[in-house]
Amino acid sequence: DQNQETDNFIDKTFSIMTDIFVKTLPLTKVEKEGFIYYRYGMNAQSKGKYGEALEYYYQALNLEEDPYDRSYILYNMGLIYSSNAEFEKAL
C-alpha cells in the first residue's frame, strides 16, 4: 500500500532527524530523555496506541521543566483524552 510506505518513510525520516537534533544540541541528559519520551509518545499516538502514548507523555512531563515544551506535551495528552470523551482529564 502506497500510503503505508509513505507513512513509514515519514516516521523513519522523523526519527533520524530527531536523533540528530538530540545529539547535536547542547541539552542536559534529563532534557534529552524528556524529548525522547515525547517523541515516543508522538509515535505511539500517530499509530493509535493512545494508552502507550499517554505513558510516554507522562514520563516526558515528569522530566521536562520548560513551560513552553510542557505545553506541547499537555496539548497532546489533551487531544488523546478528548478523543476518548474524557473531557475532565483533557483539561
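Above: the structure in question.
The structure contained in this document is the topic of the report that follows. All figures in this text were calculated on a predicted structure; none of them were measured in a lab.

**Some words on the environment of leucine 54**
(1) Moving on: Topologically, leucine 54 is positioned in helix α3 (residues 50-63).
(2) Moving on: For leucine 54, a relative accessible area of 12% translates into the label buried.
(3) Moving on: Each C-alpha atom, one on leucine 54 and one on isoleucine 73, is 9.5 Å from the other, the two residues being 19 residues apart in sequence.
(4) Moving on: Other than its neighbours up to four places away in sequence, leucine 54 contacts Met77, Ile80 and Tyr81.

**Focus: the nonpolar core**
(1) Moving on: Counting 11 residues, the largest nonpolar core consists of Tyr38, Ala44, Ala53, Leu54, Tyr57, Ala60, Leu61, Ile73, Met77, Ile80 and Tyr81.
(2) Moving on: Element by element, the count of residues in this core is highest for α3, at five residues.

**Some words on the packing of helix α2 (residues 29-46) against helix α4 (residues 67-83)**
A pair of packed helices can be characterised by two numbers: the angle between their axes and the separation between those axes.
(1) Moving on: Between α2 and α4, whose axes approach to 11 Å, the crossing angle comes to 25 degrees. Here α4 runs roughly parallel to α2, going by the angle between their axes. Note that α2 runs across α4; the crossing there is left-handed. Across from Tyr38, Met42 and Gln45 in α2, the residues of α4 making contact are Tyr72, Ile73, Asn76, Leu79 and Ile80.

Cut-offs applied
- Residues numbered from 1 in each chain as written.
- Predicted model: local features only at pLDDT ≥ 70, side-chain atom pairs only at ≥ 80, totals over all residues.
- Heavy atoms only, no water.
- Helix = DSSP H or I, 4+ residues; strand = E, 2+ residues; numbered from the N terminus.
- Buried < 20%, exposed > 50% of the residue type's maximum accessible area, 1.4 Å probe, protein only.
- Contact = heavy atoms within 4.5 Å.
- Core = buried A, V, L, I, M, F, W, Y, C linked by side-chain atoms within 4.5 Å.
- Axes fitted to C-alpha atoms, helices over the stretch in contact; angles between N-to-C directions.
- Parallel < 35°, antiparallel > 145°, perpendicular 65-115°, else oblique.
- Left-handed = near helix turned anticlockwise from the far one by under 90°.

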